[in-house]
Amino acid sequence: MNRTTVSLIAGTAALAAVTGFATLSSPQAAGTARTAAELPVERTSLLCPVPSSSDIAETSYTSFTPVTKDADSGGKAELRAAAAQSDGKSAGKNKKAGKPVLEPEEPGKPATGETSGGDASALVGTAEGKFAPGWTVQETTEVAAGSGRGLQGVNCSAPDTEFWFPGASTAADRTDYVHLTNPDDSAAVVDVELYGKDGALDSTLGEGITVAPHSSDPILLSTLTEEKQENLTVHVNVRSGRVGAAVQALDDKLGGDWLAASTDPSGSLVLPGIPKDATAVRLVAFTPSDSDADLKVQLASPSGLITPAGNETLHVKAGMTTSADLGDVTRGEAGSLVLTPTDASVPVVAALRVVRGKGDDQETAFIPATRPVGTRATVADNRAKGTTLSLTAPTRAATVKVTASAGSKGGEAVTKTFTLKAGTTENVEAPTPTGLKGTYALTVEHVSGGPVYGARTLAATADGVPGFTIQTLPDDRGMVAVPEADQDLSVLQK
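Cut-off values and rules
Residues numbered from 1 in each chain as written. Predicted model: local features only at pLDDT ≥ 70, side-chain atom pairs only at ≥ 80, totals over all residues. Heavy atoms only, no water. Buried < 20%, exposed > 50% of the residue type's maximum accessible area, 1.4 Å probe, protein only. Helix = DSSP H or I, 4+ residues; strand = E, 2+ residues; numbered from the N terminus. Pairing = 2+ DSSP bridges. Disulfide = S-S within 2.5 Å. Axes fitted to C-alpha atoms, helices over the stretch in contact; angles between N-to-C directions.

### Focus: the pairing of strand β24 (residues 335-341)
Phase 1: Most of β24 sits inside the fold, with five of its seven residues counted as buried.
Phase 2: Alignment of strand β18 (residues 269-274) against β24, held across four bridges, turns out to be antiparallel. Along β24, the bridge assignment pairs L269 with L339.
Phase 3: In this structure, strand β20 (residues 293-301) lies alongside β24, joined through six bridges in antiparallel fashion. The residue of β24 that forms the bridge with A300 is S336.

Here it is as structure tokens:
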């Protein structure tokens, strides 16, 4: 094997360790290829948006890494203010800015940090070695009054180059921002496109937005267009570099929350974890395809798949945002929405806006279409009261293992196993740590059967207002397939 081939193998393994994904194949004869090894990722990064501009906002951060077999025994992780990352100058002038906001504990135990007021920064996080596989950070903000009052939560996300946000708005009672955070040493150039009920909205202000290195920009959507639209799809496309992106949706009357990105456009989608006491549910969908999409709408309930009366199908016109009000579709039971093509599969993105409460005591959260739990998924910042774990198996029966971690201030981990029937959603009686003190993480691992999707609802009622936030549980991509070093790559030699 020559030097070129050895370098290729080493480079591929390094790429897999850093990005969490790599493949290597060659046109060999059948039967000579070997199965790739599954190894823990060695480095990962997460970005947390600016939590709130309100002076009365209280924000907590919770970091957690599940214990991963064969992970590196060393490593470190930390979350710092984005501005303090820039070349050390900010940290040199302001020692407080250079101090990590949060330094994670050992894998298996959550770590917490807090900020208050409206001067909090976006955070840039990095994890290496044993802290990297499955690293999860939750940002939770309580706002006592004003636009967006209630509970706002978001999983800090990895940087990427494209995001879809169906469910945003420029209506008069909404104040929506798309937060763009650049973790790198060079500027990122981003296009923000808006699509309404009649197609793309005219705007040149969203083109070529420059996000400086190690900085975060909140872009008010109403400054990009003069059109007032109740339901919008936001497309963030990165021309150069990479960013983290999330939409903060603030309503004058219905509270507010973070709208996380929908999973990549797909023919079939699952939106898990609609609260059983939801009083209003709105589905917003969009297809980037040149063809219309026709979707079958079903609710995975505790007893199986059912079709909501009056909303059996949804026709999504090409390049146009479509919505459907589903009312109190769950009718007091756990539920998840399942969208499947009625004919040819056309890629779609989708999200739900969920309202709880009545009259002046209403609050809003969002559920984007998400990836399945896959091998493993984790959600942090669970509490002794107000935590609901919802799991759905839309196609086939499945078995999962759910582990409640040790508490952030004390308590021992507990594990339970659950079997889900095909086509159902269940609010499972998730375990809580023995002797719990503080908050804890929930990790869901797929054991057998069909794909499983999950979501966690965190509720906290203050002054009679039912504040809540919902986070989905996509696969944490903590493992990566790496080709075996002794694979025959002679075909690559020259």
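### So, the state of the cysteines
Phase 1: Taken as a whole and judged by the stated rule, the model has one disulfide.
Phase 2: Between the sulfur atoms of C48 and its disulfide partner C156 the distance amounts to 2.1 Å. Because the torsion about its S-S bond is 110°, the bridge between C48 and C156 counts as right-handed. Of this pair, C48 sits in strand β2 (residues 43-48) while C156 is found in the loop between β8 (150-155) and β9 (162-168), placing the two residues 108 residues apart along the sequence. Just as C48 is buried, C156 falls in that class too.

### Quick word on the sheet that holds strand β27 (residues 376-382)
Phase 1: Across the sheet, which stays open at both edges, the four strands sit in the order β27-β34-β29-β31 with antiparallel pairing between neighbours. The open sheet has two free edges, formed respectively by β27 and β31 (414-420), since each of these has just one partner strand. This sheet shows a mean twist of 20° between the axes of neighbouring strands, independent of strand direction.

### Here's the deal with the pairing of strand β11 (residues 188-196)
Phase 1: Summarising burial for β11: seven of the nine residues are buried, a large majority.
Phase 2: One ladder, built from three bridges, connects β11 with strand β13 (residues 209-211); its direction is antiparallel. Pairing of V189 across the sheet is with T210, part of β13.
Phase 3: Bridge count between β11 and strand β15 (residues 232-240): seven bridges; the pairing is antiparallel. Pairing of D191 across the sheet is with N237, part of β15.
Phase 4: Here β11 pairs with strand β12 (residues 199-200) via two bridges, running antiparallel. In the sheet register, Y195 faces β12, and the bridge partner there is A200.

Geometric values such as these leave the question of function open.
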